[in-house]
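# An overview of the molecular structure
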Amino acid sequence: MKVTRLIILLAAMMWVLAPGVASAQDPVKVAPQDYKVLLENDHVRVLEITVKAGAKEAMHSHPAYVLYFMSDGKGKYSFPDGSTKEIEGKAGQTLWGDPVTHAFENTGGDVHALMVEMKGPHKMMQKKAEEPKKMEKK
Ligand SMILES: [Cu+2]
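These remarks concern the structure in this document.

Turning to the overall build of the protein, a few remarks are in order. Within the protein, the secondary structure is distributed over three helices and nine strands. Listed N to C, the secondary structure of the protein is α-α-β-β-β-β-β-β-β-β-β-α in terms of helices and strands. With 138 residues in all, the protein has 13% of them scored as buried. Intrachain contacts of the protein at a sequence separation of at least 6 include 72% that bridge at least 24 residues.

Turning our eyes to something else, we now look at the sheet that holds strand β9 (residues 111–118). Taken together, five strands build an open sheet; the order of strands is β1-β2-β9-β4-β7 and the sheet is antiparallel. Of all the strands in the sheet, the pair left with one neighbour each is β1 (35–40) and β7 (94–97). Neighbouring strand axes in the sheet, compared pairwise and without regard to direction, differ in orientation by 20 degrees on average.

Within the open sheet, the four strands sit side by side as β3-β8-β5-β6. Their pairing is antiparallel. With one partner strand each, in any of the chains shown, β3 (56–62) and β6 (84–89) form the two edges of the open sheet. The sheet shows a mean angle of 30 degrees between the axes of neighbouring strands, direction not considered. Two strands pair when backbone bridges link them, and strand β5 (residues 73–78) and β6 are joined in this way by six bridges, in the antiparallel orientation. Bridging from a neighbouring strand, K74 pairs with E88 of β6.

What counts and how
- Every residue gets a number counted from 1 within its own chain, in the order that chain's sequence is written.
- Per-residue local features are limited, in this predicted model, to residues with pLDDT of at least 70; the limit for side-chain atom pairs, both in listing and counting, is 80 or more; totals at the level of whole chains, interfaces and linings are taken over all residues.
- Strands here mean DSSP runs of E at least two residues long; helices mean DSSP runs of H or I at least four residues long; both are numbered from the N terminus.
- Residues with at least 20 neighbouring C-beta atoms inside 10 Å of their own are called buried, those with 12 or fewer are called exposed, and the rest are partly exposed, where every C-beta is derived from the backbone.
- Whether two residues are in contact depends on their C-beta atoms, placed from the backbone: they are in contact if these lie within 7 Å.
- A pair of strands is treated as paired once DSSP finds two or more bridges between them.
- Here, axes are lines fitted to C-alpha atoms. For helices the fit covers the stretch in contact, and angles between N-to-C directions go from 0 to 180 degrees.

And the structure:
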């Protein structure tokens, strides 16, 4: 009986705490000094990123995204499993990124970049884009 109560209590705590944990991983909340929301709708969230030389960002998550470097950038990603990856970007370079959870350390100069985070099921968006063609055939 005590075990059952404990399980119910833990489940209730997880239910209450989970949304807070999820929002704590939003880069805009984890590192508000580095991320500025330029646009947000049902399809994308566009972020302007400015990371000072030597700055560190705590662990946070991104959905799939496109990253455009407006300046050169150099840094180190750390992942939840303890692994790390060095990255280097050149001004004008554009990258695709799959959904990821990482911490970031800027090991180069000040970084200025634009990130477009993807939202929602993209196949559904493609289907919507095709609908007008079907209507034209009628
Ligand atoms: Cu990040």
